[in-house]
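Close look at the chain arrangement
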Amino acid sequence: MPTIIFKATEACNANCVYCDVVHRKKPRTISPELLRTAFERFNEYLLEHPEEEMQIIWHGGEPCMAGLKLYQTALEYLNTICAATRDRFKFAVQSNLTMINQDFIDTFKAMGIDSIGTSYEPIHGVRGIGKKRDSVLYNKKFFDGINLLEANNMGWGFIYVVTRQVLDRPLEIFHHLTNLKLSGGFDLHPVLVYDDAADESMESGITQEEFADWLGAVFKEWWPNRERYPHVDPFATYLKFYTGKGDGLGCCDAPTCGLHLYLGPDGETAQCGRAADWDILMYGNIASKPLSEIFADEQRALIDNRKNVLPDTDCKGCEYWSICHGGCPLDAYNGHKDFNRRSDQCLSKKLFLKKYFEPITGLKLPKPQAQSHE
Amino acid sequence: MSTPQNNTPRNTISYVCDYQWPIEVELKGKSLIVNVNHVGDIRRLNDALGTETPVQAYIYRDAYGSLETLDVDPDWGDIPIVLYLNRLGQFRTVAHKVEMLKGLNVTVIFTGEESRACVDAQILASLGIHSGIKLTPDSPLSDSVLDLITYNFYSQMPHADIEPFSTMSRHYKGENYVSPSLLDLENPARYLHVDAKHRLAFTRDDLLAGNVLDFTSDDATDTLIDDAAQIFSRRWQQWFVESHPCTFCPAFRVCKGFFHAPEKSTERCTEVMSELLEAIEFERKKCENHSKKPCQL
């Protein structure tokens, strides 16, 4: 299923200490004309591929910064331009929830969205509103958003970004997050800081070893209490894979990126958000190219071929190939300027699994049934 | 969310009041929990209120008295009564009251010195009498409390419930917050505290501080109560807005900052409440396993 990360706006009302995009770009928001073109392209693709569905993830920036009108117009285009294909759309939204209101919720629900992905940060000064980075105001607005979602019977889950600011307090952070969402329902990620990031972002960066040890400290607490908070990732996902119940890998660990596409506010498309940040794997503008052509771009072969190259090079003999596949190709490019290298993030996964997950659980990764490059 | 048209009187909430004003008349028809100043008031008041004004519990407090010296009325029958007493007293005297107490609907909560209170609660519970200790934010949470928790949840010997642990366990579903304050009737889904001016609050402290709701018991409707309860039930979020140190504690879900005080170390309350959380989860699992249908051979 094609998944389109639709960054209709780059504008964001939040100010995160590690956020690279805020420092690097002037925020742009899609024009009404281009929005119409986008839906025409979506419809065109689905008509050409009657067996396919399409997932659109509203992303940003903060999607609500684009204004309610944009989503109401999108809904109108969905119901008119895409009348024949409407049932094959699946929408999702990633929002910081600090601007959400009933009108946004009504519009998102009309698109079939019943849950919103968000993120959260308990340490004051890491994330906040405005130049002063007001964390109390941010958190207050965040809870207003949560309350509104719950009043509308909408679910929510969040990611937590591990930064240097919390490196010395893994358990405190874990307990805070599980106190916020009592059965879990969040994903722990390392902060991604790019080489050309602003100084402030660089200072938040952590090493792969540090992230592995941070996860390990949390895992020691999670494992004996996993029934208390079952939905904590990456632990729950790893556990599924080690017990043969794996039901899919996230985009960073999958053998290929599949039909994943970034669509930006100026209509430019790229392999994903990271690719667009670095102006690589750019596939052209949706105003001049149909989606079928974009998805058929020859550059995709660079990514797809990785699964054939890595098992004989960087990942040769790696016991974790089936759970990692060399990691995100964009991360690999960021580190080595070559897609056919493994991602540096592999190290944290490997370290965590070998040093913590396997000894604590006593589990071993099931061997693949047949030698293949998947 | 309730609709604005829904103005029917709510009958699932109990009004917590002091028997210092004519509640028989002014709260007639409502479900009540009544704080009485004299144990002798209980039967008299219960007769006066009759079945029209159901009372969920009469609460009597004597900060210095013991069960030994309390006049237990054998005619209390099924009247639900909670006695907050300092201590058990001489057991050889209490022993004579045990059989009578077992025939009544009485819960005894001990409020005296913590170690003594724990022993007294355990003695009564072991005799089949619903008992407990009163935890306060200042409670030292000595090892006696841990022993009592262990006895309540892990003991193989039959015994009555011990508060506040049993009530906390009953209310904890894994995805909600509980706290020892449940024993103080702080539960917006069930209790509203009301004073002689008919003012309402969800906690006794709020009522005494004048932090009251903007409607009274006379004009309370399901809609008004539900909306106010929803706002009250989100108070925990303020702890997160401020990133309060208690939110980083593994036991916050069974405490909600109950033991917090400025300048106070959280080491002990974290330890004790974490053990309580484990015990409550053990109890839940036990109940879940017991709910399985027996094999029919």
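Residues numbered from 1 in each chain as written. Chains lettered and ligands numbered in written order. Predicted model: local features only at pLDDT ≥ 70, side-chain atom pairs only at ≥ 80, totals over all residues. Heavy atoms only, no water.

Another aspect to go through is the overall build of chain B. Helix and strand counts for chain B come out as 10 helices and nine strands. Here the C-alpha radius of gyration of chain B, 20 Å, is about what a compact globule of 297 residues would show, namely 19 Å. Across chain B, the fraction of contacts at a sequence separation of at least 24, relative to all contacts at a separation of at least 6, is 57%. For chain B, the accessible surface area stands at approximately 14,800 Å², while carbon and sulfur atoms represent 51% of it. When the 29 basic and 42 acidic side-chain charges of chain B are each reduced to a single mean position, those positions are 4 Å apart. (Helix = DSSP H or I, 4+ residues; strand = E, 2+ residues; numbered from the N terminus. Rg over C-alpha atoms; globule rule 2.2 N^0.38 Å. Contact = heavy atoms within 4.5 Å. Areas by Shrake-Rupley, 256 points an atom, 1.4 Å probe, with all protein chains shown as cover. Lys, Arg positive; Asp, Glu negative; His and termini not counted. Charge placed at Lys NZ, Arg CZ, Asp CG, Glu CD.)

The next subject is the overall build of chain A. For chain A, the count of helices and strands is 16 helices and 12 strands. Computed over the C-alpha atoms, the radius of gyration of chain A is 21 Å, within 12% of the 21 Å expected from 2.2 N^0.38 for a compact globule of 374 residues. Looking at chain A as a whole, 55% of its 374 residues qualify as buried. Considering only intrachain contacts with a sequence separation of at least 6, the fraction spanning at least 24 residues in chain A is 70%. For chain A, the exposed area adds up to about 15,700 Å²; of that, 50% sits on carbon and sulfur atoms. Charge centroids of chain A, computed over 41 positive and 51 negative side chains, lie 3 Å from each other. (Buried < 20%, exposed > 50% of the residue type's maximum accessible area, 1.4 Å probe, protein only.)

What follows concerns the nonpolar core. A:Phe6, A:Phe39, A:Phe42 and A:Trp58 are the most contacted members of the largest nonpolar core, which totals 117 residues. In contact with A:Phe39, not counting residues within four places along its chain, are A:Phe6, A:Trp58, A:Ala74, A:Tyr77, A:Leu78, A:Ile81, A:Cys82 and A:Phe91. B:Trp21, B:Val72, B:Ile81 and B:Leu200 belong to the second-largest nonpolar core, a separate cluster that totals 76 residues. (Core = buried A, V, L, I, M, F, W, Y, C linked by side-chain atoms within 4.5 Å.)

Residues and elements named next belong to chain A. Taken in spatial order, the four strands make up an open sheet running 5-7-8-9, and their pairing is parallel. The outermost strands of the open sheet, each flanked by one partner alone, are strand 5 (115–119) and strand 9 (231–233). On average, each strand axis in the sheet is tilted by 20° relative to the strand beside it, whichever way the strands run. With three bridges connecting them, strand 8 (residues 184–190) and strand 9 associate as parallel partners. Within strand 9, the residue paired with glycine 184 across the bridge is histidine 231. Lying on the sheet, helix 5 (residues 135–151) is in contact with strand 5 and strand 7 (155–162); it crosses strand 7 at an angle near 150°. (Pairing = 2+ DSSP bridges. Axes fitted to C-alpha atoms, helices over the stretch in contact; angles between N-to-C directions.)

The omega torsion across A:Asp233 and A:Pro234 is 15°, close enough to zero to call that bond cis. Residue placement: A:Pro234 occurs in the loop between strand 9 and helix 9 (235–242). Each neighbour pair has its own omega, and for B:Glu163 with B:Pro164 the value is 5°, a cis peptide bond. Tracing the backbone through its elements, the reader meets B:Pro164 in the loop between strand 7 (162–163) and helix 6 (165–171).

Once that is clear, we can look at the sheet that holds strand 12 (residues 282–285) of chain A. All names here are of chain A. Taking strand neighbours across the sheet as the criterion, the six strands line up as 4-3-1-10-11-12 in an open arrangement whose pairing is mixed. Looking at which strands have only one partner, the edges of the open sheet turn out to be strand 4 (89–93) and strand 12. For this sheet the average axis-to-axis angle between neighbouring strands, irrespective of direction, equals 20°. Relative to strand 10 (residues 260–263), strand 1 (residues 3–7) runs parallel, the two sharing four bridges. The residue of strand 10 that forms the bridge with threonine 3 is histidine 260. Packed on one face of the sheet, helix 2 (residues 32–48) meets strand 1, strand 3 (54–59), strand 4, strand 10 and strand 12 and runs near 160° to strand 3.

Facing 22 residues of chain A, the contacting portion of chain B comprises 22 residues. Between chain A and chain B, a total of about 1,900 Å² is buried, with carbon and sulfur atoms accounting for 53% of that surface. Of all residues in chain A, A:Asn179, A:Leu182 and A:Arg228 bury the most surface against chain B, accounting for 36% of the area lost on that side. At the junction of chain A and chain B, the tally comes to two salt bridges. The salt bridge involving A:Glu227 is made with B:Lys285; its shortest N-O contact spans 3.2 Å. (Buried area = accessible area lost by both parts, 1.4 Å probe. Salt bridge = Lys/Arg side-chain N within 4 Å of Asp/Glu carboxyl O.)

This part takes up helix 15 (residues 329–336) of chain A. Residue and element names in this part refer to chain A. Residues Pro329, Leu330, Asp331, Ala332 and Asn334 constitute the buried set of helix 15. On the buried face of helix 15, the contacting elements are helix 10 (273–278), helix 12 (300–304) and helix 13 (306–309). The positive-phi residue at the C-terminal boundary of helix 15 is lysine 337, with phi of around 55°.

Turning to the packing of helix 4 (residues 114–126) of chain B against helix 5 (residues 143–154) of chain B, a few remarks are in order. All names here are of chain B. At a closest axis distance of 9 Å, the pairing of helix 4 and helix 5 adopts a crossing angle of 15°. Between helix 4 and helix 5, the crossing angle belongs to the class labelled roughly parallel. Here the hand of the crossing between helix 4 and helix 5 comes out left-handed. Contact with helix 4, carried on its side by Glu114, Ser115, Cys118, Ala121, Gln122, Ala125 and Ser126, involves Ser144, Val145, Leu148 and Tyr151 of helix 5 and no other residues of that element. Along the lines of polarity and charge, the residues of the contact of helix 4 with helix 5 split into six nonpolar, four polar and one charged. (Parallel < 35°, antiparallel > 145°, perpendicular 65-115°, else oblique. Left-handed = near helix turned anticlockwise from the far one by under 90°. Nonpolar A, V, L, I, M, F, W, Y, C, P; charged D, E, K, R; others polar.)

For chain A, the average pLDDT comes to 92, and 96% of its residues sit at 70 or higher. This model gives residues 370–374 of chain A a pLDDT under 50, and the stretch forms 11 contacts once residues within four places in sequence are excluded. (pLDDT = per-residue confidence, 0-100.)

Moving on to the environment of B:Leu224. All names here are of chain B. Examined against the element boundaries, leucine 224 turns out to sit in helix 8 (residues 222–232). For the pair leucine 224 and proline 164, spaced 60 residues apart in the sequence, the C-alpha separation amounts to 29 Å. Setting aside residues no more than four positions away along its own chain, leucine 224 makes contact with Phe215 and Asp219.

All names here are of chain A. Relative orientation of the contacting elements helix 2 and helix 3 (residues 68–80) amounts to 35°, with a least axis distance of 10 Å. In this structure, helix 2 meets helix 3 at a crossing whose hand is right-handed. Of the residues in helix 3, those touching helix 2 at Pro32, Leu35, Arg36 and Phe39 are Leu70, Thr73, Ala74, Tyr77 and Leu78.

Quick look at the confidence of the model for chain B now. Per-residue pLDDT for chain B has a mean of 92; in total, 94% of the residues score no lower than 70. Model confidence for the complex is summarised by a pTM of 0.92, with the ipTM given as 0.90.

Further remarks concern the pairing of strand 8 of chain A. In the sheet, strand 7 of chain A pairs with strand 8 of chain A via five bridges, with the strands oriented parallel. Each residue of the ladder has a partner; that of A:Phe158, found in strand 8 of chain A, is A:Phe186.

Within a regular strand, the side chains alternate between the two sheet faces. Residue and element names in this part refer to chain B. Counting buried positions along strand 2 (residues 31–36) gives six out of six residues, so the element sits mostly inside the fold. Residue alternation in strand 2 divides its side chains into two sets, Ser31, Ile33 and Asn35 and Leu32, Val34 and Val36, and both sets are buried. The sheet contact formed by strand 1 (residues 14–18) and strand 2 spans five bridges and is parallel. Of the residues in strand 2, the one forming a bridge with serine 14 is serine 31. Looking at chain direction, strand 2 and strand 3 (residues 55–66) are connected through five bridges and run parallel. If you follow leucine 32 over to strand 3, its bridge partner there is valine 55.

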